Amino acid sequence: MRSLDLFAAEKLDQLEARKLRRDLVETARIDVPTVTRNGRRLISFSCNDYLGLSQHPDVKRAAAAAIETYGAGAGASRLVTGNHPLHAELEARLAVLKETAAACVFGSGYLANIGVLCVLAGPDDLVVIDELAHACLNTGAQLSRARVARFRHNDIGHAAELLDAHRRAHRHALIVTETVFSMDGDLAPVTDLADLAAAHDAWLVTDDAHGFGVVPHARPSAPIQMGTLSKALGSYGGYVCASAPVIDLVATRARSLIYSTALPPASVAAALAALDVIAAYPALRRAPLGKARRFTERLGLPPARSPIVPLVLGTPEAALAASQKLADAGFLVTAIRPPTVPEGTARLRFAFSAAHSDEDVERLAEAVGGLFASASERVLCPASS
Ligand SMILES: *Cc1c(COP(=O)(O)O)cnc(C)c1O
């Protein structure tokens, strides 16, 4: 197998030379918002646990109780024997929150996106997708074998042009976007996209992974709304909400649901408990955006639109160096590099959580401000403006 190892080693060398190699760094999350990495405690601004619910006592207790009742694993795919009673309860709750008739829970958000897009689109169809949409939306679009047309980020006019040019030659058309963009923190013009979809007989799919539970104005207005249980809900798993016939079709056809083991009961129970916490403490939901705004205000940046604030630095080297300096100052802010973001837009991505104290945010702002004492280093921010 010498050729195999050689292949892998050469690939890694090439990535290393471009500063694009990624490594798994052991990181213990024992409380929020701190992590322990290489023996040091850092305040994390890189977790998507926006409400700190992964560590909430009620959520942990619910997960433990579900393990006691149902065991550690689901045992099979949901269509075989893995559809334990908590699934229906969670789906009913999600459908109410998204104002749809039904919902379907998947093993992860990634699995939900590839499953749903492949059910709704095929080789005769058109998928018009925002150029900054998440990797799994792109993978789903490609796996569907539909014609994929990318529109410039949040550019309704460009999306309309693509539909004008290609809609007629295709059976069905999907418009795909995120509600809150995962690496930029800006919001999609969902209402305008819904109007565009209506005008072109297209189906709008929104991915609310980073909006759910933290961006109240990301209102449901798409017939197909997906999301994840792994961010603000602090658990694991994905979901899609839609009408009853669409969900029935998804449940009977989505390969990533049919051929993959169901979520462990603990994950479903944790998500349910997290929904209870969110419902009981509405102020919690507003906290992450409030922290992000405090940070942007403190640094004279455009006001945050969501709990995600990008600081685009350009090269992977610049992003890695800035990340290292912040780590030296006690903060975990992972450098985000291509292909997660477009070439030339490597960045720091700050994710704010209800678990951060105002003092954490102040100290971070001071450290970030210090990085750019020579302000010319800061290329542009936010990425999309
Ligand atoms: C994280 C994320 C996903 C994937 O969700 P997982 O549950 O982590 O697999 C999908 N879409 C977007 C926009 C995301 O940020």
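Refer to the structure presented above.
Quantities reported herein were computed from a predicted structural model and do not represent experimental measurements.

(A) How the structure looks around the overall build of the protein chain. When helices and strands are tallied, the protein chain shows 14 helices and 14 strands. Taken against the 2.2 N^0.38 rule, which gives 21 Å for 385 residues, the C-alpha radius of gyration of the protein chain at 21 Å falls within 12% of a compact globule. Seen through its C-alpha atoms, the protein chain measures out along the principal axes to roughly 55 × 55 × 55 Å. For the protein chain, with 385 residues in total, the buried portion stands at 52%. Within the protein chain, contacts between residues at least 6 apart in sequence are counted, and of these 68% link residues at least 24 apart. Surface exposure of the protein chain reaches about 17400 Å², of which carbon and sulfur atoms provide 54%. The positive charge centre, built from 39 side chains, and the negative charge centre, built from 40, are 2 Å apart in the protein chain.

(B) Region of interest: the sheet that holds strand 3 (residues 40–44). One open sheet accounts for four strands, arranged 1-2-3-12; its pairing is mixed. For this open sheet the edge positions go to strand 1 (27–28) and strand 12 (331–332), each flanked by a neighbour on one side alone. Pairing between strand 2 (residues 34–37) and strand 3: four bridges, direction antiparallel. Directly across from T36, in strand 3, lies its bridge partner R41.

(C) Just the sheet that holds strand 9 (residues 224–228), in detail. Pairing within the open sheet is mixed, and its seven strands lie in the order 4-10-9-8-7-5-6. Edge positions in the sheet fall to strand 4 (102–106) and strand 6 (147–151), since each of these pairs with one other strand and no more. Strand-to-strand twist in this sheet, taken as the mean axis angle between neighbours without regard to direction, amounts to 20°. Here strand 8 (residues 203–207) runs beside strand 9; their pairing, made up of three bridges, is parallel. The residue bridging T206 from the neighbouring strand is Q225, located in strand 9. Contacts from helix 4 (residues 85–98) reach strand 4, strand 9 and strand 10 (238–242), with the element oriented near 125° to strand 4. Of the strands in this sheet, strand 5 (126–130), strand 6 and strand 7 (173–178) touch helix 7 (residues 156–166), which is tilted by about 150° from strand 6.

(D) Seen up close, the site of the ligand. Near the ligand there are 15 residues, and of these G109, D207, H210, T228 and K231 occur at the shortest range. Contacts to the ligand include K231, whose side-chain N or O atom sits 2.7 Å from an oxygen atom. When isolated, the ligand has an accessible area of 380 Å², and the protein chains bury 88% of it. By residue number, the principal contributor to the shell around the ligand is helix 5 (residues 109–120), which donates three residues. Tallied by class, the residues present in the shell around the ligand amount to three nonpolar, nine polar and three charged.

(E) Quick peek at the packing of aromatic side chains. All told, the structure shown has five aromatic pairs when counted by the stated rule. The interplanar angle of 65° and the centroid separation of 5.4 Å between the aromatic rings of F45 and F352 together place this pair among those described as edge-to-face. Within this pair, whereas F45 is found in the loop between strand 3 and helix 2 (57–70), its partner F352 is found in the loop between strand 14 (346–351) and helix 14 (358–371), the two being separated by 307 residues in sequence. Both rings, one in F295 and one in F350, keep their centres 4.9 Å apart while their planes meet at 45°; by these two values the pair is tilted.

(F) Seen up close, unusual backbone geometry. In this model, V32 is joined to P33 through a cis peptide bond whose omega is 5°. Looking along the chain, the bond that leaves P338 and enters P339 is cis, with omega of 5°. Topologically, P339 is positioned in the loop between strand 13 (335–336) and strand 14. Here the phi dihedral of N38 falls at roughly 50°; this positive angle occurs in a residue that is not glycine. For N38, a relative accessible area of 69% corresponds to the exposed category. Positive phi values are uncommon outside glycine, yet N154 reaches one of about 60°. Along the chain, N154 turns up in the loop between strand 6 and helix 7.

The rules behind the values
Residues numbered from 1 in each chain as written. Predicted model: local features only at pLDDT ≥ 70, side-chain atom pairs only at ≥ 80, totals over all residues. Heavy atoms only, no water. Helix = DSSP H or I, 4+ residues; strand = E, 2+ residues; numbered from the N terminus. Rg over C-alpha atoms; globule rule 2.2 N^0.38 Å. Buried < 20%, exposed > 50% of the residue type's maximum accessible area, 1.4 Å probe, protein only. Contact = heavy atoms within 4.5 Å. Areas by Shrake-Rupley, 256 points an atom, 1.4 Å probe, with all protein chains shown as cover. Lys, Arg positive; Asp, Glu negative; His and termini not counted. Charge placed at Lys NZ, Arg CZ, Asp CG, Glu CD. Pairing = 2+ DSSP bridges. Axes fitted to C-alpha atoms, helices over the stretch in contact; angles between N-to-C directions. Near = heavy atom within 4 Å. Polar contact = N/O pair within 3.5 Å; in protein donor to acceptor, adjacent residues only side chain to side chain. Nonpolar A, V, L, I, M, F, W, Y, C, P; charged D, E, K, R; others polar. Phe/Tyr/Trp six-rings, centres within 6.5 Å; stacked < 30°, edge-to-face > 60°.

Worth remembering: the numbers are spatial, not functional.
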